[in-house]
Amino acid sequence: QVQLVESGGGLVQAGGSLRLSCAASGLTFSTYAMAWFRQAPGKEREFVAGIDWSGGSIYYTDSVKGRFTISRDNAKNTVYLQMNSLKPEDTAVYYCAAGGVLKPRESDYNYWGQGTQVTVSS
């Protein structure tokens, strides 16, 4: 049984930082591309960042470039999202996802976590 468990969300003031973690089990983690998506209230879920199995290819949506960093530790079966210079518009539920290819589309990901809330106050 595949499980992706996110942690690290919370309430932070604008300009602050948070580090999200996603611990995976039940799959061969080192063979999967991993991604972070987010969904704000009343909006569709959107791609935030993704990393291929080796960490050699990384993509970010334009709105987080220069502020967010995705990384992975295959020995720990964990993917991270370091979020700096947070803005109120970053407020959303953040989901990690595992898939066979590194793409920005939800349909390319087979497994999803339950999500963690990130709230940025102004």
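Above this note sits the structure.
These numbers were taken from a predicted model, which means no experiment stands behind them.

A.B. asks: Can you walk me through the pairing of strand β9 (residues 92-99) in this structure?
C.D. replies: Side-chain direction in a regular strand flips from residue to residue, so the side chains alternate between the two faces of the sheet. Judged by how many residues are buried, β9 sits mostly within the fold: seven of eight residues are covered. Bridge count for strand β4 (residues 33-39) against β9 is seven bridges, and the pairing is antiparallel. The residue of β9 that forms the bridge with A35 is A97. Pairing between β9 and strand β11 (residues 116-121): three bridges, direction antiparallel. Across the sheet, V93 pairs through a bridge with Q117, a residue of β11. Bridge analysis of β9 against strand β10 (residues 109-112) gives three bridges, and the strand direction is antiparallel. The partner of G99 across the bridge, within β10, is Y109.

A.B. asks: Hey, could you run me through the pattern of salt bridges in this one?
C.D. replies: It is possible for side chains of opposite charge to pair when their charged atoms get near one another. Applying the stated criterion across every chain, the model contains six salt bridges. For the salt bridge of R38 with E46, the shortest nitrogen-to-oxygen distance reads 2.7 Å. Between D90 and R38 there is a salt bridge whose closest N-O contact spans 3.0 Å. Here the residue D90 occupies a position in the loop between β8 (78-83) and β9, and R38 occupies one in strand β4, the gap between them amounting to 52 residues. Looking at D90, the relative accessible area reads 1%, which means it is buried. Through salt bridges with shared partners, a single ionic network connects R38, E46, R67 and D90.

A.B. asks: Before we go on, may I ask you to explain the sheet that holds β8 in this structure?
C.D. replies: One key point about sheets: their strands pair by backbone hydrogen bonds, in either a parallel or an antiparallel sense. Read from one edge to the other, the open sheet built from four strands follows the order β1-β3-β8-β7, with strand pairing classed as antiparallel. Two strands bound the open sheet, and with one partner strand each, they are β1 (3-7) and β7 (68-73). Going from strand to strand, the sheet's axes swing by 15 degrees on average, the running direction of each strand aside. In the sheet, strand β3 (residues 18-25) pairs with β8 via six bridges, with the strands oriented antiparallel. Bridged to R19 within β8 is Q82.

A.B. asks: Even after reading the chapter, I still don't get the side chain of D52, so can you show me in this structure?
C.D. replies: By secondary structure assignment, the location of D52 is in the loop between β5 (46-51) and β6 (58-60). No salt bridge is formed by the buried D52. Its closest oppositely charged neighbour is R72, at 5.8 Å. Within the structure, the side chain of D52 is placed 2.8 Å from the backbone nitrogen of G55, a separation counted as a polar contact. When near neighbours in sequence (up to four residues on either side) are disregarded, D52 contacts Y32, A33, S57, R72 and L102.

Thresholds, definitions, all that
Residues numbered from 1 in each chain as written. Predicted model: local features only at pLDDT ≥ 70, side-chain atom pairs only at ≥ 80, totals over all residues. Heavy atoms only, no water. Buried < 20%, exposed > 50% of the residue type's maximum accessible area, 1.4 Å probe, protein only. Helix = DSSP H or I, 4+ residues; strand = E, 2+ residues; numbered from the N terminus. Pairing = 2+ DSSP bridges. Salt bridge = Lys/Arg side-chain N within 4 Å of Asp/Glu carboxyl O. Axes fitted to C-alpha atoms, helices over the stretch in contact; angles between N-to-C directions. Lys, Arg positive; Asp, Glu negative; His and termini not counted. Polar contact = N/O pair within 3.5 Å; in protein donor to acceptor, adjacent residues only side chain to side chain. Contact = heavy atoms within 4.5 Å.

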